[in-house]
Amino acid sequence: MDIADEAQRRSAYFHELAMQNRAFDLPPVPPRNKAPDGTPLCVDCDLDITERRRIIGSAQRCSDCQHDHEKRNRNHG
Ligand SMILES: [Zn+2]
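Just so you know, the residues in each chain are numbered from 1, in the order the chain's sequence is written. Owing to the predicted nature of the model, reporting of local features is limited to residues with pLDDT of at least 70; listing and counting of side-chain atom pairs is limited to 80 or more, with chain, interface and lining totals taken over all residues. Hydrogens and water are ignored here; the side-chain numbers use all heavy atoms of the structure.

Novice: Quick question: what am I supposed to make of the overall build of the chain here?
Specialist: Helices and strands together make up the secondary structure of the chain, namely four helices and zero strands. The burial tally for the chain puts 25% of its 77 residues in the buried class. Contacts in the chain between residues far apart in sequence, at least 24 positions, make up 25% of those at least 6 positions apart. For accessible areas, the Shrake-Rupley method is used with a probe of radius 1.4 Å. Any residue's cover is judged against the shown protein chains and nothing else. Per element, the accessible surface of the chain, about 6,200 Å² overall, is 53% carbon and sulfur. In this text, helices come from DSSP runs of H or I with a minimum length of four residues, and strands from runs of E with a minimum of two, each type numbered from the N-terminal end. Note on classification: 1.4 Å probe, protein chains only; a residue is buried when its accessible area is under 20% of the maximum for its type, exposed when over 50%, partly exposed between these limits. Residue contacts follow a heavy-atom distance rule, with two residues in contact if any of their heavy atoms lie within 4.5 Å.

Novice: What am I meant to see in the coordination of the zinc ion here?
Specialist: Around a metal, the ideal angle is 109.5 degrees if four donors adopt a tetrahedral arrangement and 90 or 180 degrees if six donors adopt an octahedral arrangement. For Na, K and Ca the donor cutoff is 3.2 Å, while for all other metals N, O and S atoms must lie within 2.8 Å; water is not among the atoms, so some sites may look incomplete. Around the zinc ion, the protein contributes the donor atoms Cys42 (SG), Cys45 (SG), Cys62 (SG) and Cys65 (SG), at 2.3 Å from the metal centre. Only two sets of limits are used to name each site, 85 to 135 degrees for every angle of a tetrahedral four-donor site, and over 155 degrees for opposite donors with all other angles from 65 to 115 for a square planar four-donor or octahedral six-donor site, with any other site named irregular. Coordination at the zinc ion is tetrahedral, judged from the four donor atoms that bind it and the angles of 103 to 118° they form at the metal. Counting gaps between the donor residues of the zinc ion yields the pattern C-x2-C-x16-C-x2-C. Here Cys42, found in the loop between α2 (22–25) and α3 (50–55), pairs with Cys65, found in helix α4 (residues 63–76); they are 23 residues apart in sequence, far enough to count as distant. Residue Cys42 is classed as buried on the basis of its relative accessible area of 0%. Overall, Cys65 belongs to the buried group, its relative accessible area being 11%.

Novice: How should the pattern of salt bridges be read in this particular structure?
Specialist: Where charged atoms of side chains with opposite charge meet at close range, the side chains can pair. The salt bridge criterion pairs a side-chain nitrogen of Lys or Arg with a carboxyl oxygen of Asp or Glu, the two atoms within 4 Å. Counting across every chain of the model gives four salt bridges. Its salt-bridge partner being Glu6, residue Arg10 comes within 2.8 Å of it at the nearest N-O pair. Separated by four residues within a single helix, Arg10 and Glu6 lie in helix α1 (residues 3–20), roughly one turn from each other. A relative accessible area of 17% places Glu6 in the buried class. Asp44 is paired through a salt bridge with Arg61; the nearest N and O atoms lie 2.9 Å apart. With Asp44 in the loop between α2 and α3 and Arg61 in the loop between α3 and α4, the pair connects residues that are 17 residues apart, well separated along the chain. With a relative accessible area of 11%, Arg61 lands in the buried category.

Novice: Which parts of the structure should I look at to understand unusual backbone geometry?
Specialist: Note: most residues except glycine have negative phi, and most peptide bonds are trans. A positive phi angle, close to 65°, is found at Asp46, a residue other than glycine. With respect to the secondary-structure elements, Asp46 resides in the loop between α2 and α3.

Novice: What am I meant to see in the environment of Pro30 here?
Specialist: Of note, Pro30 is situated in the loop between α2 and α3. When its relative accessible area of 66% is taken as the criterion, Pro30 is described as exposed. Spatially, the C-alpha atoms of Pro30 and Ser58 are 7.5 Å apart, while their sequence positions differ by 28 residues. Beyond its immediate stretch of four places on either side in the chain, Pro30 contacts Arg53 and Gln60.

Written out as structure tokens, the structure is:
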């Protein structure tokens with residue numbers, strides 16, 4: 001096996017992975033919607049998104065609302 005081919009394949013694989021996970025690469029941002037005790041809440045439905053923000057530091061919505069939000073955005077134009 002050619003080592004250069006293998007390196008090329010691997011780097012393409014990681015690039016693809018990075019593209020798929022680009023939301024996870026965003027720097028954490030302060031939650032826009034918070035409970036008085038600082039618990040981050042979904043901006044749309046006030047659900048506790050602490051766990052979600054542990055994975056996606058920039059999340060402002062619960063997974064349901066994020067899904068709806070992306071669907072609405074896609075239908076916009
Ligand atoms: Zn929500």
